[in-house]
Structures are given as C-alpha cells and as structure tokens.
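A structural walkthrough
Take a look at the letters that make up each chain.
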Amino acid sequence: MDPAGYPELRKFFAPEITFGAGARFSAGRFATNLGLERVLLVTDNGVRAAGWVDQVAARIEQAGIAFTVFADVTPNPRAEEVMAGARVFQQEKCDGIVAVGGGSPMDCAKGIGIVSSNGRHILEFEGVDEVRVPMPPLICIPTTGGTSADVSQFAIITDLEEHTKIAVISKAVVPDVSLVDPETLTTMPPYLTACTALDALVHAIEAFVSNASSPLTDPHALAAMRLVSAHLVASMQRPDDLELRAQIMLGSLEAGLAFSNASLGANHAMSHSLGGLLDLAHGECNAMLLEHVVAFNHAAAAERFDKIGGAIGLDLRGMSTQGKREAICAEVRRLRRAVGVETSLGSAGVHRSDVPALAKNAMRDPCMVTNPRRPNQRDIEVVYEEAL
Amino acid sequence: MKRRCDAGESWEEKRARIIGLGEASLHKSYYPELRQRVAELERFRGLLDHAGDGIFLIQTPSGRVVDANEAAAELLGRARDALLAASIADLLPDPAGAAVAALCAGERREEAPGLTIAVPLARGDGSVLHLEVSARPVVFRREVYVVAVARDTSERRRLEEQLQQAQKMEAIGQLAGGMAHDFNNILTGILGNVELLAEELRRPGSDPAAWLEEVGRIEQGARRAAALTRQILLVSRRDVVRPADVDLNRTVICMREMLRRVIPEHTALDVDLAEDLRPVRADQGQIEQVVMNLVLNARDAMPEGGTLAIETARVDRAALGALAADAADAGTFVRLTVRDLRPRAGRPCSCARTTRRSGGWRRTPSSAADTPCSRQRTARRPSTSPRPARGGSTCS
Ligand SMILES: [Fe+2]
C-alpha cells in the first residue's frame, strides 16, 4: 500500500490454462486454433521414452499439422541448444512451438521462440523486458510438477562459457497455452518428483514474501503451499494415486501463477548461481538452500512467514519470533528428509572457495531484487556457507 | 554482447519492470502488425483491381479460379463473385481457356514455360474484344498456382490500324503530287493529239489512215492514265485480307515506278530479283503496304542519299533458324530484303521480311551493328527517274 492507502499497481499474467487428466490431448485443437501449420515439438529424450511426446504428436498430426521433433535438450538447457533449436525451427519453416516435458524443454522452447522471431543470440536477451518482438505461439505441456515454466515469464538458460545461468524475464515469454495434465507425472522418477515438488514449495514461499507480491498473487502462493505440503509425502508413497498427483500438479500450477507475477527471491538467485557452477538439478539446489534463506529473510517479513507457517500446517501460536523461525526451518528440513532430498552443498561438491564467486553471481541475478531483505554480497556468502 | 543485469540500473527500477510496469512490459500483440498488413493488403487489392488487365489466380490442377481482380470481372462482363470457384476453361474463350486449363493440369506444371495466346471474346452485348491471354505458373507456400493475365488489345489494334492507314495516306499524298504531274503530261499529250485529229478532220480530203495513228496515240495516253489510276487505287485500298498466290517479283516490279516517286533523286533504286522465286500465300495489298513501309524507312535512314536495294531470294528452313522454329510445315521460304546502303556510313541497315508459302510474315531484325531504321518520314519531292532492274515481267 502506498501512503494514500491505495494498492500499488500490479499486473497479473497467465496463459490460457487447461488443467486436468487428459489435458494433453487438446494439443492439436489449440495448435489449430492458433493457426499453426508446422510445429516444432521441443522435448527431451527422457520424456520421449515415457511416451508422452508420441501421444501429443499424434493429436497434432490428426489436426492436419506437420511437426518436427527437437529433443537435443539436456537438463539445464544450454544457450547452444537454444540456438540449434532455432536453426531447426527456421530450416523446417515452423510457425509455432509445442513444448512437452519439464522445465528444461520448456525454457529451451521459450529461448527458441525468442531467437526465431528476434534473430539474435539468446544470451543477448538476458534481463528484464529485453524481448521486443513477440515470439511464435507457444503451447506448453508440463510433465513435471514444480518448474512452472509453462505459466511463467521466466526462461533460465545456461551460459556454459561463463559457468552461470542467465534469466530472461519478459511478459513476452509467457506461453500462450498451458495444458496441465496430472497423468504425465506418473512416469516421473521418485527423486525428481520430490525435487520438483520442493521447487514448487520454494516458488510459493518466495512469491509470498517477495516485495512484489500482491493481493492477486497471495491466494495462489498460499494455496500452493497448502497443496504441496499436505500431499507431497503421501504422493511419494503412492506414486500411482492420480488424485494425489493432481494435488501436487495443481499446487505447482498455483505456485507458478504466484511467482510468475510476484517473482522470486534470494533462494532462486543463489540456486541459479549454483546450477551454473555444478549442473545440479534446479529443485535440488532450491531444496538445499530453502531453510537457510528462510532463516535469513524471516525478520524482514515476519508476519508473512507466520501465514506461511499456517499454510504448511504449523501451529505457531504463542511462539517467539525466533521460535517461529526455527519451527518453519525445522518443518522444511523434515519435509525434505521425508522425501529423500538430503544432500547439502558440501556433499554435492561445493567448496568454501567457490562461495565468493557463487555469491557474486547470485547478487547479479534479477530474482534478487524482489527478495524481502536486501542483502549484500557478504550476507549471501554467509547463507551459502551455512548450507555447505 | 551481453549486458549484465546490474549494469547501470537500480534494484527499484528492475523490480518495477519485473512486476510489469516497464514500457516494454507487454505480452504479445500481433494486432498492430495485423492491422498494418491488412492495410497493405487493401492497398494492394486496390492496385490490382484498378489494373487495366484482368488478373486470375488459378488453383492447380483443378483449374478453379481462387482470386480475380475487378478488371477481370469487367472484362468478362460478370460479377467478381461469379468468377470465384468457376473453372478458367469456362471463363476464357478457346483456345485460350483450354490452353490455360491444360497448363494447370500438366505434369511438372511448376516448371512449365508460360504461354501467350490472342483470342477474340464475344461479349454479352454483341461486341467483340480482342484479348491477349498470358499465363504462367507461380508457387505460393508450396502450392502451385497459375496466374493468367487477360489484356484487352482492341484499342491497341484499332490504333495500329489507324496508324497503318495514316501511313498509307501519307504515301498516297506523296504519290499524288508526282502522279498529278504525270497525269497532266499524259492529258497534255492526249489533248494535243485530239487537237491534231480535229484539225485533220476539218481538212477536206484528209487521209483516214493518218487519223488512225492519232487515235492510237490517244488510246495509248488514256491507257497510261488508267494504269496510273489503278496504282493509286491499289495503294488506297483498305480491303479485308484476301490470301492468294502472290508473286513477290511481280509485285516489286509493278511497284517500282511508284517507289521511285517516294525516294529522292540522289538515291539510287537497285532491284535484284531471284529467278527461281515461287509464289507465296499472302494478301497482295498487305504485301504492297509492307514493301512501301520498308522503302520509306530505308529512305528516311539515309537523308544524304545512297542506294536503296530491294532483293528477293529463295531460302530454306534451316537458314532461317529460330525464325522458322514454330513453322508448322517444312516448305521453302521466300525472303524480301530492303536495304539502305549509305556511301559514307558504310553500314547497311537491313529491314527484311520473310514469308513462307502457307502465309505469315516475320520481321527479321537488323543485325546488332546496324543503325536502327528510322520510322520518321519527311515529305520529299518524288523523283521521276526510274532505273531499270533485272528480271522481267509486265504490270497489268
Ligand atoms: Fe524454481
């Protein structure tokens, strides 16, 4: 609220979303609706092996639309992969993109779209609002919970030369259509399920305490925290329970809607920096840092953290501020262990000597500017060191 | 190449842009571009509709018209909507309609050469238009179409006829001066003879045998006058084309007198006629007109005088090369050449016409080094000194 009592200006961006079992089958209809004639199907080989790509391709073909598959995408998509995909897009005279998979194919697809309509190297679009020419229509079919690249204004690309990840943030990269189908989660390996769900939880928490949060994003963030914290452990125990999968998928979607509009914070800034150095899974990086970032931020947004405590099922009544903080951190730790994500930065191969460089990169990450507490580089180094 | 996020910008500014408050914080809008494209399309449509030619975009291999401009509708005297989805074979008169439809249906049509066909079009109001239909294949978005352009050449043809007529009238004007002089000479002779005859008749006891001789002279004079008149009629005639067997040598000989009158005195007329020439199938009047035009061109190309050479020759098909490439028969051809030989310029400008037995003229272009033939003409006093030519035949 500004001094006059009016809320600050806020925007809320979201794609056209279809949520529910079987949503993936409407890919052909949406592609037709967007006027596409030749689609680039961006995916990775894991998702392809699971069979989801063939199902989507069949629907696209049934709609009379030609397609070319581009599956040369590794976890943490690299700038070179984006450029290679953009070349295929141009060579095959594609006019739209369908991304099937987790965050990597979707971020790669966004990069391909940006490059094919703007005609420059993907790394030139680092930052906020650098994408000026709208990219071709993009339909996302997420097959993992968590990343929410299917609804977000973010594309995270790895710059191998600089050993870091760059963030392209632009309303122009919000996909046109998101087909969120919980059935696609059933082929995910358990550890990846855990990592992506924890990533969704981090999205929700960071979006809720973000200094860009708003009444438009808060309900989504809180709903996401409730859904993920309540159903994650059970979903890990009963991986074939479609109803539980749907709860996790919905939680991930709610988190995505929240963070795409309220942005994130130090946790993601630091995690991007880590991912650039070590090629670790994104959700894993976030999970390793979460309790330490919560501890660092707590004082700057204590009231909001109280609501977070409530949303993840804690009763914080009567506790001191420090006690509440400890309780939230402990619950995060518990959840992490319950789903088997127990690595620390040290066990993942990060050395103390890496910390200054990691902190320096994290300070430059655009996610840092919406962190509730404004850190200096030394603050960030300390958080990394605590997480070692 | 890269700009880091922290370059020269406060966290507050960056935060505002992440929230979506930046100037460039836009999702996608194709609408402004769409409107611009639509405006461009409308402009282009207007351009197309106001083109003088009827333009058809035809689907292949079906031969259905998928688009046509307003001029096409006007040309055919039908509503534009009635053209769309109609078959091009039904819209254009044959042989043009059939030829375009065949182009649409052909194998490897995308590589087919274009075609141009002249065809008369009977309109609903009874009038007849002369159309020139050109068609060629084009590829849009991997689909092969044929674009046909129908041009109304009626006006052009009318102007060409008018021009030909004007040229003929000009030649007649030039002739008339000289002929009036000649005619006067003949009449003077006839009158003199008539006076002489009258005197003889008045003289008692005159010899009738002497009268006969005078009468003979009068008759000769009158015949010369009649021949002159026939020549004028020949030139001024504007008949329909009547193909007949025409002897080019004979034509040249008969015209020689007349041609001599349109070229100046200091220009020699050299006529060289082949002896083995066979007749050609053509219209006598048209051939005379062609010869006259060529001679006038050659004359104008050498205002300083020189030699104007007319020559006929028999040639075979091979010697004609590309000129006879589409000739249906293998018959022999006849060539008539009109050349201006300038003493100083040293380079002849040849304007030749070739015809074959089944009819049809072809213009042989001047060789590359030639001075172009001038089509301009200035009135000149006709010369009255004919030169004898090789070859012999009398005019009737
Ligand atoms: Fe994330």
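This write-up is about the structure you can find in this document. All figures in this text were calculated on a predicted structure; none of them were measured in a lab.

**Some points on the packing of helix α6 (residues 190–209) of chain A against helix α10 (residues 282–297) of chain A**
Residue and element names in this part refer to chain A.
- Viewed as axis vectors pointing N to C, α6 and α10 meet at an angle of 55 degrees, and their least axial separation amounts to 8 Å. Considered as vectors, α6 and α10 are oriented oblique to each other. When the axes of α6 and α10 are compared, the crossing they make is left-handed. Between α6, through Tyr191, Cys195, Leu198, Asp199, Val202, His203 and Ile205, and α10, the contact on the second element is made entirely by His282, Gly283, Glu284, Asn286, Ala287 and Leu290.
- A class-by-class count of the residues in the contact of α6 with α10 yields seven nonpolar, four polar and two charged.

**Section: the coordination of the iron ion**
Residue and element names in this part refer to chain A.
- Coordination of the iron ion by the protein involves Asp199 (OD), His203 (NE2), His268 (NE2) and His282 (NE2), with metal-donor separations of 2.1 to 2.4 Å.
- In this structure, the iron ion is coordinated by four donor atoms arranged in irregular fashion, with angles at the metal of 85 to 169 degrees.
- Sequence spacing of the donors to the iron ion: D-x3-H-x64-H-x13-H. Pair noted here: His203 is in helix α6 and His282 is in helix α10, with a separation of 79 residues, a long-range link.
- On the basis of relative accessible area, His203 is assigned to the buried category, the value being 2%.

**A look at the packing of α6(A) against helix α8 (residues 242–262) of chain A**
Residue and element names in this part refer to chain A.
- Interhelical geometry of α6 versus α8 gives an angle of 40 degrees and a closest axis separation of 8 Å. Comparing their axes, α8 and α6 come out oblique. Note on packing geometry: the crossing formed by α6 with α8 is left-handed. Packed against α6, whose contacting residues are Thr193, Ala197, Ala200, His203, Ala204 and Ala207, the element α8 presents Arg245, Ile248, Ser252, Ala255, Ala258, Phe259 and Ala262 at the interface.
- Partitioning the contact of α6 with α8 into residue classes produces nine nonpolar, three polar and one charged.

**Observations regarding the interface of chain B and chain A**
- The partner chain A presents 45 residues to the 25 residues of chain B that form the contact.
- For the pair chain B and chain A, the two sides together bury roughly 3,200 Å², of which 54% comes from carbon and sulfur.
- Seen at the junction of chain B and chain A, the total is three salt bridges.
- Residues belonging to the side of chain B that touches chain A are distributed by class as follows: nine nonpolar, five polar and 11 charged.

**Structural notes on helix α7 (residues 218–237) of chain A**
Residue and element names in this part refer to chain A.
- Taking 1.5 Å of rise per residue, 20 residues should cover 28 Å, and α7 covers 30 Å from first to last C-alpha, within 8% of that figure.
- The sharpest bend along α7 reaches about 45 degrees and sits at His231.
- Buried within α7 we find Asp218, Ala221, Leu222, Ala223, Ala224, Met225, Leu227, Val228, Ser229, Leu232 and Ser235.
- Against the buried residues of α7 lie α6, α8, α11 (302–311) and α12 (321–338).

**A word on the sheet that holds strand β3 (residues 66–70) of chain A**
All names here are of chain A.
- Strand order in this open sheet of six strands is β1-β9-β6-β4-β2-β3, and the pairing throughout is parallel. Here the strands that pair on one side only, and so sit at the sheet edges, are β1 (16–19) and β3. On average, each strand axis in the sheet is tilted by 15 degrees relative to the strand beside it, whichever way the strands run.
- Bridge count between strand β2 (residues 38–42) and strand β4 (residues 96–101): four bridges; the pairing is parallel. What sits directly across from Val39, in β4, is Gly96.

**Considerations on the side chain of His272(A)**
Residues and elements named next belong to chain A.
- For His272, the position within the fold is in helix α9 (residues 266–278).
- At 3.0 Å, the side chain of His272 and the side chain of Asp365 are in polar contact.
- Apart from the residues within four sequence positions on either side, His272 is in contact with Ile156, Lys165, His282, Asp365 and Cys367.

Quick notes on the rules
Residues numbered from 1 in each chain as written. Chains lettered and ligands numbered in written order. Predicted model: local features only at pLDDT ≥ 70, side-chain atom pairs only at ≥ 80, totals over all residues. Heavy atoms only, no water. Axes fitted to C-alpha atoms, helices over the stretch in contact; angles between N-to-C directions. Helix = DSSP H or I, 4+ residues; strand = E, 2+ residues; numbered from the N terminus. Parallel < 35°, antiparallel > 145°, perpendicular 65-115°, else oblique. Left-handed = near helix turned anticlockwise from the far one by under 90°. Contact = heavy atoms within 4.5 Å. Nonpolar A, V, L, I, M, F, W, Y, C, P; charged D, E, K, R; others polar. Donors = N, O, S within 2.8 Å, 3.2 Å for Na, K, Ca; no water. Tetrahedral: all angles 85-135°; square planar, octahedral: opposite > 155°, others 65-115°. Buried < 20%, exposed > 50% of the residue type's maximum accessible area, 1.4 Å probe, protein only. Buried area = accessible area lost by both parts, 1.4 Å probe. Salt bridge = Lys/Arg side-chain N within 4 Å of Asp/Glu carboxyl O. Expected span 1.5 Å × (residues − 1). Bend = angle between axes of the 7 residues up to and from the residue. Pairing = 2+ DSSP bridges. Polar contact = N/O pair within 3.5 Å; in protein donor to acceptor, adjacent residues only side chain to side chain.

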